[in-house]
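The lines below spell out each chain.
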Amino acid sequence: MSFLTNLFRKKSVPDAISAAQQEEIHGTGGLEKNLRVGDLTALGIAAIIGAGIFSTIGSASYNGGPAVVFLFIFTAVACGFAAFAYAEFASLLPVSGSAYTYSYVAFGELVAWIIGWALVMEYAVGNITVAVSWSGYFTGLCESAGWHISEWATIDYISARDGHNTVEALLKGGATLPDLTPAPRESWNAWENAPRLGSLRAILDIPAIVMSILITALVYIGIKESKNAGNIMVVLKLIVVLLVIIVGAGYVDTDNWHPFVPNGFGGVMAGVSSVFFAYIGFDALSTTAEECKNPQRDLPRAMVYSIIICTVLYIIIALVLTGMVNYKELDVNDPLAYVFQKINLKWFSGIIAVSAVVAMAGVFLVFQLGQPRIWMTMSRDGLLPKRFSKIHPKYRTPAFATIVTGFFVVVPMLFIPSDTVLDLCSMGTLFAFVLVCAGVLKMQVTPDAPRGKFRTPYLNGKWIFPLMLLGMTAFLFTRFQKDTTDWLSNAPQIYGGEMLVANMSETEVAETKTMLLQRDSAGFANANGDLVEYLASLNQEQYAEVVSRVPVSDEHKYESGWALFQHKIPMWLFIITCLWLTVLAFRHNLSLIPMLGLVSCFYMMAQIPAKSWMGFFIWLLIGLAIYFSYGYRNSKLAKT
């Protein structure tokens, strides 16, 4: 019993505040309180508008088409709910440490450790995505200046290999390299042209790695962004975004908005990691609580203001991008620059590339500053070795923690695909949001729990939340009855066109083409004999009918059994969580807003592929192994 009790030993609010007041990180005994709501809003916009607007918006638009705007709205609402929870904790604990410190007070040490470990995915792992995005714009800038960087030097090994395999499948189906979009073509070129040592290919994103090392070195020697520098960065980003909207609006072809939802609801939600990544950063405002003149009043306002402003800009940008070119062309690292190159405005594309290089380097710097300080806080609590909190005598920075952070960015960049990194980053951040919302609910039902001056507006969810679930269930069983029953019964699902062709042998591809020539010679001719393109041109019913006649075994046509069910496990966890929350809401009259924040963030987590969940759980297991081998025994709370 003692062991279990120790796992959830908590910091008291007075202890957390007094510990922050006694720290002498900069030799002053405290941080200067000079941030107002305008400064905080500017910092929020500076943190939010980064790699999301300059890069990941492209992959989200590729998956969801113009309808990606709905995902931006949903994500903004979810982040708004979470922002209230963050603001409530910030008013209770006006100290640095963000979700880690909040969880230490609300849930205890073990949960705090898990949150702190998960936040590594937001800052250190998330910076991999920022670095790769920066590399895309930097490479494009070099190209426009006449300096070509080989494809094998601008991509990671796994992405090049997988992209090459995808292209091979497309070529087998009748496609030609010039017909492919830039992303798969570059992957194919990288794999084919990479220097080799025997069977090993030298493939690595050199610009991203060099930039990461240089900025980590700057962070090590004490580079810091002041409030004024942050405001200047916001102005630069907003000018670029507004110019893209104004100039791009004149080149919008509304035909590109049809169909508006080309890949259905599933296609829209497939971009959840990309879109959520575009909002990561607003929670960083909570780390400035010690420097706010009035955190109880200004932090909630600043979080909501920054989310609203950025959402409006994101929606307009998404409509402009998908209106300027077909959404299928946007799966590139530098979508804003790409669309203007496409319409021969290369001078403007260059302006965007320069601005993106500066802006994303700034975001990288901010995140690279944040991660060592989280580790430093955990080290001060005894959960990590003292070296992580050791301050360099000359540069006054957490030197060892900064070096380790650099390794956490550079090493995985060599072999982890950027899309997987994006998923893991979103998983870590969403997990933190879920627990912060849960923390507000726990304080509500805990007798005599400490509460801050700001409290999330209370709306009794006892009846509203269950009724919302019943309404959603009724909607699914009436509007999407077949899809819902198929999902629940784990009915086999047809593979998409690319996967179907990839599963075929060359003989089966030839037989399928012969069948299609006999069945629909005109349609197949319009697709230029490209099997994948022909399949993509069919509607859902036509596609199902064609697949049923393809001379391939059913196991290569349909995904079924455990292979299919494993992708649904995150969604089942979401359903179980909703049912459990319904019981708690009825018993304890829970507040609706933090409940909706928890549910909406968990839902976005459930849309992330199961393989990324597995990676996240492996990451957590590694963290737990570190905690039980070191942190549990050396915690300051254990010694008191």
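Please read these numbers as outputs of a predicted model, since none were measured by experiment.

### Considering the overall build of the chain
Here's step 1: Within the chain, the regular secondary structure consists of 31 helices and four strands.
Here's step 2: Relative to the compact-globule value of 26 Å for 640 residues, the chain shows a C-alpha radius of gyration of 25 Å, a close match.
Here's step 3: Dimensions of the chain, computed from C-alpha atoms along their principal axes, come out at roughly 80 × 60 × 50 Å.
Here's step 4: Across the 640 residues of the chain, 54% fall into the buried class.
Here's step 5: Between the mean site of the 43 positive side-chain charges and the mean site of the 45 negative ones, the chain shows a separation of 13 Å.

### What to know about empty space enclosed by the protein
Here's step 1: In this structure the tally under the stated criterion is two cavities of 30 Å³ or more.
Here's step 2: Here the second largest cavity defines a volume of roughly 40 Å³.
Here's step 3: Elements with a minimum of two residues in the lining of the second largest cavity: helix H7 (109-144), helix H15 (335-342) and helix H16 (346-380).
Here's step 4: Examining the composition of the lining of the second largest cavity, we find that four residues originate from one element, H7, more than from any other.
Here's step 5: Broken down by class, the residue content of the lining of the second largest cavity amounts to four nonpolar, five polar and one charged.

### Brief notes about the environment of aspartate 423
Here's step 1: Within the secondary structure, aspartate 423 is located in helix H18 (residues 418-445).
Here's step 2: Note: C-alpha distance between aspartate 423 and phenylalanine 282 (141 residues apart in sequence) is 18 Å.

### Remarks on the nonpolar core
Here's step 1: Formed by 164 residues in total, the largest nonpolar core has its most connected members in Phe54, Phe72, Tyr137, Phe282 and Tyr314.
Here's step 2: The biggest single contributor to this core is H7, with 20 residues.
Here's step 3: Beyond its immediate chain neighbours, meaning those up to four positions away, phenylalanine 282 contacts Ile48, Cys79, Ala82, Ala83, Met303, Ile307 and Phe433.
Here's step 4: Leu180, Val501, Phe524 and Ala527 belong to the second largest nonpolar core, which has 23 residues in total.

### Observations regarding the packing of helix H10 (residues 206-220) against H16
A pair of packed helices is characterised by two quantities: the angle between their axes and the separation of those axes.
Here's step 1: For the pair H10 and H16, interaxial distance at closest approach is 10 Å and the crossing angle is 55°. Here H16 runs oblique to H10, going by the angle between their axes. Here the hand of the crossing between H10 and H16 comes out right-handed. Listed contacts from H16 to Met211, Ser212, Ile215, Thr216 and Val219 of H10 are Ala361, Phe364, Leu365, Gln368 and Leu369.
Here's step 2: Of the residues contributing to the contact of H10 with H16, the split by class is seven nonpolar, three polar and no charged.

### Structural notes on the state of the cysteines
Here's step 1: This model, assessed by the stated rule, comprises zero disulfides.
Here's step 2: Unpaired in this structure, cysteine 437 has its nearest cysteine sulfur neighbour in cysteine 601, at a distance of 5.5 Å.

### Examining a nonpolar patch on the surface
Here's step 1: On the surface, Met472, Phe475, Leu476, Phe477, Phe480 and Leu488 cluster together to form a nonpolar patch covering roughly 530 Å² of accessible area.
Here's step 2: In this structure, methionine 472 sits in helix H19 (residues 464-479).
Here's step 3: Residue methionine 472 is classed as partly exposed on the basis of its relative accessible area, which comes to 48%.

### What about the packing of aromatic side chains?
Two descriptors summarise a pair of aromatic rings, namely the distance from one centre to the other and the angle between the planes of the rings.
Here's step 1: According to the stated counting rule, one finds 31 aromatic pairs in the structure shown.
Here's step 2: Among the aromatic residues, those joined into a cluster by ring pairs are Trp113, Trp117, Trp375, Phe388, Phe400, Phe408, Trp619, Tyr627, Phe628 and Tyr632.
Here's step 3: In this structure, lysine 462 packs its charged tip against the face of phenylalanine 586, placed 4.8 Å from the ring centre.
Here's step 4: One residue, arginine 479, lies across the ring of phenylalanine 480, its end atom 5.0 Å from the ring centre.

### Some details on the confidence of the model for the chain
Here's step 1: Scored by pLDDT, the chain has a mean of 83; 92% of the residues are at 70 or more.
Here's step 2: Per-residue pLDDT stays below 50 along residues 24-31; that stretch engages in 12 contacts with residues further than four places along the chain or on separate chains.

### Details of H10
Here's step 1: The terminal C-alpha atoms of H10, which comprises 15 residues, lie 21 Å apart, in line with the 21 Å expected from a rise of 1.5 Å per residue.
Here's step 2: Those residues of H10 hidden inside the fold are in contact with H7, H16 and helix H17 (399-413).

### Some remarks on the environment of phenylalanine 138
Here's step 1: Positionally, phenylalanine 138 belongs in helix H7.
Here's step 2: Excluding its chain neighbours within four sequence positions, the residues that come into contact with phenylalanine 138 are Ile149, Pro207 and Val357.

### Topic: helix H9 (residues 182-193)
Here's step 1: End to end, H9 covers 16 Å across 12 residues, agreeing with the expected 16 Å (1.5 Å per residue, within 8%).
Here's step 2: Looking at H9, one finds that the buried residues are Pro182, Pro184, Ser187, Trp188, Asn189, Ala190 and Trp191.
Here's step 3: In the core, the buried residues of H9 are packed alongside helix H8 (157-172), strand S1 (196-197), strand S2 (200-201) and H15.

Rules used in this analysis
- Throughout this document, residue positions are counted from 1 along each chain, in the order its sequence is written.
- This being a predicted model, a pLDDT of at least 70 is required before a residue's local features are given, and a value of 80 or more before pairs of side-chain atoms are given or counted; all residues contribute to the totals for chains, interfaces and linings.
- Think of the side-chain values as coming from all heavy atoms in the structure, minus any hydrogens and water.
- Per the convention used, a helix needs a DSSP run of H or I reaching at least four residues, while a strand needs a run of E reaching at least two, with both numbered from the N terminus.
- Two things to know: the radius of gyration comes from C-alpha atoms, and the globule rule equals 2.2 Å times the number of residues to the power 0.38.
- Exposure classes here rest on a 1.4 Å probe applied to the protein chains alone. A residue is buried below 20% of its type maximum, exposed above 50%, and partly exposed in between.
- The positive count covers Lys and Arg only, the negative count covers Asp and Glu only, and His and the chain ends enter neither.
- A single reference atom marks each charge: NZ on Lys, CZ on Arg, CG on Asp, CD on Glu.
- Any residue with an atom within 4 Å of a point lines the site, the site being either a cavity, points on a 1 Å grid over the protein atoms alone where a 1.4 Å probe fits but cannot get out, or a pocket, an open set with protein on both sides within 12 Å along at least 5 of 7 lines.
- Grid points are joined across faces, edges and corners, and a volume is the space filled by probe spheres set on the points.
- Residues are grouped as follows: Ala, Val, Leu, Ile, Met, Phe, Trp, Tyr, Cys and Pro are nonpolar; Asp, Glu, Lys and Arg are charged; all remaining types, including Gly, are polar.
- Residues grouped as a nonpolar core are buried Ala, Val, Leu, Ile, Met, Phe, Trp, Tyr and Cys residues, joined through side-chain atoms within 4.5 Å.
- Any two residues having at least one pair of non-hydrogen atoms within 4.5 Å are treated as being in contact.
- Structural elements are reduced to axes, namely lines fitted to C-alpha atoms, with helices fitted over the stretch in contact, and the angle between N-to-C directions of any two is expressed from 0 to 180 degrees.
- Reported orientations rely on four angle classes, namely roughly parallel under 35 degrees, roughly antiparallel over 145, roughly perpendicular from 65 to 115, and oblique for the rest.
- The hand of a helix crossing depends on one turn: near helix anticlockwise from the far one by less than a right angle means left-handed, and clockwise means right-handed.
- To count as a disulfide, a pair of cysteine sulfur atoms needs to be within 2.5 Å.
- Candidates for patches are residues over 30% relative accessible area with no salt bridge; among them, like charges are joined within 9 Å and nonpolar side chains (Val, Leu, Ile, Met, Phe, Trp, Tyr) within 5 Å.
- All accessible-area figures derive from a Shrake-Rupley calculation using a 1.4 Å probe, and residue coverage is judged against the displayed protein chains alone.
- A pair is scored as a salt bridge if a Lys or Arg side-chain nitrogen falls within 4 Å of a carboxyl oxygen belonging to Asp or Glu.
- Any pair of Phe, Tyr and Trp rings, taking the six-membered ring for Trp, is counted once the centres come within 6.5 Å. Such a pair is stacked with planes under 30 degrees apart, edge-to-face with planes over 60 apart, and tilted for the rest.
- The criterion for a charge sitting over a ring is simple: Lys NZ or Arg CZ within 6 Å of the ring centre, and within 35 degrees of the ring normal.
- Values of pLDDT, which run from 0 to 100, indicate the predictor's confidence residue by residue.
- The length a helix should cover is 1.5 Å for every residue beyond the first.

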